[in-house]
Amino acid sequence: MTKAEIASTLDCRGLLCPIPIIKLSKAVKGVEVGAVIEMLATDPGSVPDMEAFEKQTGHRVLDRTEANGVFRFLVQRAK
Amino acid sequence: MDRDARRILYVQTTGTESPERSATVFFLAASAAALDIEVGIYFTQFGPTLLQRGVPEALQAKRGGATLGHFMDQARDLGVRFYVCQPSLDLNNLKMGDLIEGVEMIGGAAFNNLALEADRVICF
């Protein structure tokens, strides 16, 4: 996935549960269906939370990587 | 009401006597609402004391931490609904006029109906 396809970046580094998932929920509602949001987080709880977000909302987590304690998720609005 | 939406009903039974037990319900309710789940919180027993005017701005679940109002607003901003019933207000010598704006009065029958209609009921 290239940078050009990312609609917006949501920087949740340093934020703790439940703030990242709340910010993501709002951010997803603010982009077009099909658009991709890059989300950065440092809370380890964000990994299972993103799985729950995908399962419950139907929005897709296209990619998940981790480097130096920073998790990077690519989330696509599905509906 | 969206018939397809999933629903969780939280029940908050503790109030200002236990500040450390006050914020969790709002955290979890906000998290659920962020997943597009329909969420309500029913305040009973001592729970309604959290909804008194002036309390959200002053109460801290953790000393020196954010006020309860911060967590309440976070939940309400995501559409979480707050319910009380008259006997629970009476127990705490409260009237609807003593509470913050936006709290909905229901009765015991309505509570049980909400519980049966919800996918899960979670009590604190």
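**Topic: the sheet that holds strand S3 (residues 81-84) of chain B**
Residues and elements named next belong to chain B.
Turning to step 1, where the next piece is worked out: The five strands lie next to each other as S4-S3-S2-S1-S5, forming an open sheet whose pairing is parallel. Two strands in the sheet have a free side with no partner beyond their single neighbour: strand S4 (104-105) and strand S5 (120-123).
Turning to step 2, where the next piece is worked out: Relative to S4, S3 is paired through two bridges, and the arrangement is parallel. Looking across to S4, one finds that Tyr83 is bridged to Glu104.
Turning to step 3, where the next piece is worked out: On the sheet, helix H5 (residues 108-117) packs against strand S1 (7-12), strand S2 (38-43) and S5 and is oriented at approximately 135 degrees with respect to S1.

**Here we look at the interface of chain B and chain A**
Turning to step 1, where the next piece is worked out: Of the residues lining the interface, nine residues belong to chain B; the matching set on chain A comes to eight residues.
Turning to step 2, where the next piece is worked out: With four residues, the single largest contributor to the side of chain B that touches chain A is helix H1 (residues 24-34) of chain B.
Turning to step 3, where the next piece is worked out: When the residues that make up the side of chain B that touches chain A are grouped by side-chain class, the tally is six nonpolar, two polar and one charged.

**Regarding the pairing of strand S4 (residues 70-76) of chain A**
All names here are of chain A.
Turning to step 1, where the next piece is worked out: In this sheet, S4 lies alongside strand S2 (residues 36-41) in antiparallel orientation, the contact comprising six bridges. Paired with Leu40 across the strands is Arg72, a residue of S4.
Turning to step 2, where the next piece is worked out: Here strand S3 (residues 60-67) runs beside S4; their pairing, made up of seven bridges, is antiparallel. In the strand pairing of S4, Arg64 is matched with Phe73.
Turning to step 3, where the next piece is worked out: Connecting the antiparallel pair S3 and S4 is a turn made up of two residues, with Asn68 showing a positive phi of about 55 degrees.

**A look at unusual backbone geometry**
Turning to step 1, where the next piece is worked out: The step from A:Cys17 to A:Pro18 runs through a cis peptide bond, and the omega angle for that step is 5 degrees.
Turning to step 2, where the next piece is worked out: Assignment of secondary structure puts A:Pro18 in the loop between strand S1 (6-12) and helix H1 (19-29).
Turning to step 3, where the next piece is worked out: Here the phi dihedral of A:Asn68 falls at roughly 55 degrees; this positive angle occurs in a residue that is not glycine.
Turning to step 4, where the next piece is worked out: Tracing the sequence through the fold places A:Asn68 in the loop between S3 and S4.
Turning to step 5, where the next piece is worked out: Of note in this structure, B:Gln45 is not a glycine but carries a positive phi near 50 degrees.
Turning to step 6, where the next piece is worked out: Inspection of the secondary structure puts B:Gln45 in the loop between S2 and helix H2 (55-58).

Cut-off values and rules
Residues numbered from 1 in each chain as written. Chains lettered and ligands numbered in written order. Predicted model: local features only at pLDDT ≥ 70, side-chain atom pairs only at ≥ 80, totals over all residues. Pairing = 2+ DSSP bridges. Helix = DSSP H or I, 4+ residues; strand = E, 2+ residues; numbered from the N terminus. Contact = placed C-beta atoms within 7 Å. Axes fitted to C-alpha atoms, helices over the stretch in contact; angles between N-to-C directions. Nonpolar A, V, L, I, M, F, W, Y, C, P; charged D, E, K, R; others polar.

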